[in-house]
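Survey of secondary and tertiary structure
One letter stands for each residue in the lines below.
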Amino acid sequence: MTDQTTPATPPANDGVFRRILDSDLFYDFSRRPIIILSALVTLVIILASALAPWIAPHTPFDPSSLNLMDGFTPPMEPNAFTGNVYWMGTDSQGRDIFSAILYGARISLLVGFAAVAFAAILGITLGLIAGYKGGWVDTLIMRIADVQLSFPAILVALLIFGITKSLIPREMQEQAAIYVLILSIGLSDWVQYARTVRSSTLAEKNKEYVQAARLFGVSSIRILARHILPNVMGPVMVIGTIGLALAIILESTLSFLGVGVPATQPSLGTLIRVGNEFLFSGEWWITLFPGITLLILALSVNLLGDWLRDALNPRLR
């Protein structure tokens, strides 16, 4: 009797991981040092902000943990009264700037990711409907998009923010500020998703596989979800990556103008606005370090988006 052993089949996860390593996208990524550095910087900032309660030396937004005697402590210098040393100094209330940046980045990233997700869902849905249905539906959606494109995104966001906040009771405005901000940024940024998805849908809906699905009686919703949507997600990923950087900058701009998140939950933009009040009195570090963090984060995400746009473009391969 011969002993026959069945060869072990590799786990499914190994196959997926191997396909990722063998893909053209990863090959191009692994040979671009700037893109690798951008990805690492973005990942470090995201992880550091997510782990802020465990990484931050202090809880900057807990009044009971603040010491006013530590106010305006320069970076890496002992305080004249308490002797405490802070990496990036403190602000007027004695808040550790490093801890404030970690917590502030959490708000900026949360608003950025949520606004991009909301804008993408809205834009993809309207783009699919406009491209697939055509006719007056397509005309109506695209004319609304054209009108919105004639205004800067920040003005649209300010208008939506003001209208939405006026509809919320005054006692609930502070708690709902983040949600209003996400809604405002998302509604000001859905147009590019809709226009891109519409153009891709117009090209896909007349192809043979879509015509065959119609002949078999497949519903329009199922055709859009299972056949057309997967084929238009490539450009959407590029727009979403670049849109994340723009959403973070737009959130910081609104917060800098004083119409963003409340002071009890400050983002990077709020920290920059607070530090700007003391910029010309010698306390430069209060606004410099949050500004550098915002610059590095936006630049890294933008570089990733630009690389992804080129890598997914077959004409540039």
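Here, the structure is the one placed above.
Heads up: these notes are all about the structure in this document. (Residues numbered from 1 in each chain as written. Predicted model: local features only at pLDDT ≥ 70, side-chain atom pairs only at ≥ 80, totals over all residues. Heavy atoms only, no water.)

Here's the deal with the nonpolar core
Core analysis: the biggest nonpolar cluster contains 50 residues, and Val111, Leu181, Ile185, Tyr193 and Ile228 have the highest contact counts within it. Counting residues per element, this core draws most heavily on helix α5 (residues 97–133), which supplies 13 residues. Excluding anything up to four places from it in sequence, Val111 contacts Ile178, Leu181, Ile182, Ile185 and Glu251. (Core = buried A, V, L, I, M, F, W, Y, C linked by side-chain atoms within 4.5 Å. Buried < 20%, exposed > 50% of the residue type's maximum accessible area, 1.4 Å probe, protein only. Helix = DSSP H or I, 4+ residues; strand = E, 2+ residues; numbered from the N terminus. Contact = heavy atoms within 4.5 Å.)

Structural notes on the packing of helix α3 (residues 33–50) against helix α14 (residues 285–311)
For the pair α3 and α14, the least separation of the axes is 9 Å and the interaxial angle reads 130 degrees. Taken together, α3 and α14 sit at an angle that is classed as oblique. As α3 packs across α14, the resulting crossing turns out to be left-handed. Residues Ile34, Ile35, Ser38, Ala39, Val41, Thr42 and Ile45 of α3 touch α14, and the partners they reach there are Ile296, Leu297, Ser300, Val301, Leu303, Leu304 and Trp307. (Axes fitted to C-alpha atoms, helices over the stretch in contact; angles between N-to-C directions. Parallel < 35°, antiparallel > 145°, perpendicular 65-115°, else oblique. Left-handed = near helix turned anticlockwise from the far one by under 90°.)

A word on the packing of aromatic side chains
Tallied over the full model, the rule gives 5 aromatic pairs. For the ring pair Phe72 and Phe278, a centre distance of 5.2 Å and an interplane angle of 70 degrees mean the geometry is edge-to-face. Of the two residues, Phe72 is situated in the loop between α4 (52–55) and α5 and Phe278 in the loop between α13 (268–276) and α14; the sequence distance between them amounts to 206 residues. Their ring planes at 85 degrees and their centres at 5.6 Å tell us that Trp284 and Trp285 sit as a pair that is edge-to-face. Judged by its relative accessible area of 5%, Trp285 is buried. Taken together, the ring pairs in this structure connect Trp284, Trp285 and Phe289 into an aromatic cluster. (Phe/Tyr/Trp six-rings, centres within 6.5 Å; stacked < 30°, edge-to-face > 60°.)

Details of unusual backbone geometry
One non-glycine residue with positive phi stands out, namely Phe72, at about 60 degrees. Of note, the phi angle at Met76 is positive, near 60 degrees, even though the residue is not glycine. Note that Met76 resides in the loop between α4 and α5.

Points about the environment of Val156
Within the secondary structure layout, Val156 lies in helix α7 (residues 153–166). A residue is classified by how much of its surface remains accessible, and Val156, at 12% relative accessible area, is buried. Sequence-wise, Val156 and Ile36 are 120 residues apart; in three dimensions their C-alpha atoms are separated by 35 Å. Residue contacts for Val156: discarding those within four places in its chain leaves Gln148, Phe151 and Ser188.

Notes on helix α12 (residues 233–256)
In this model, α12 (24 residues) spans 33 Å end to end at C-alpha, consistent with the 34 Å of a helix rising 1.5 Å per residue. At Gly243, α12 shows its largest kink, close to 25 degrees. Positive backbone phi, at 90 degrees, marks Gly258, one or two positions downstream of α12. (Expected span 1.5 Å × (residues − 1). Bend = angle between axes of the 7 residues up to and from the residue.)

Quick word on the pattern of salt bridges
Using the criterion set out here, one finds 8 salt bridges in the structure. Between Arg95 and Asp91 there is a salt bridge; the shortest N-O distance is 2.7 Å. The exposure class assigned to Arg95 is buried, which follows from its relative accessible area of 9%. Note on Asp91: relative accessible area 4%, which makes it buried. With its nearest N and O atoms 2.6 Å apart, the salt bridge here joins Asp138 to Arg198. Here the residue Asp138 occupies a position in helix α6 (residues 135–149), and Arg198 occupies one in helix α9 (residues 191–204), the gap between them amounting to 60 residues. Take Arg198: its relative accessible area is 21%, and that puts it in the partly exposed class. (Salt bridge = Lys/Arg side-chain N within 4 Å of Asp/Glu carboxyl O.)

A closer look at the side chain of Asn79
Residue position: Asn79 is located in the loop between α4 and α5. Looking at Asn79, its side chain comes within polar contact range of the main-chain nitrogen of Phe81, at 2.8 Å. Polar contacts involving the side chain of Asn79 include one to the main-chain amide nitrogen of Thr82, which spans 3.0 Å. The residues touching Asn79, leaving out its near neighbours within four places in the chain, are Met69, Asp70, Gly71, Thr73 and Asn84. (Polar contact = N/O pair within 3.5 Å; in protein donor to acceptor, adjacent residues only side chain to side chain.)

Observations regarding α13
Restricting attention to buried positions, one finds in α13 the residues Leu268, Gly269, Thr270, Leu271, Ile272 and Gly275. Tucked inside the fold, the buried residues of α13 contact α5, α12 and α14.

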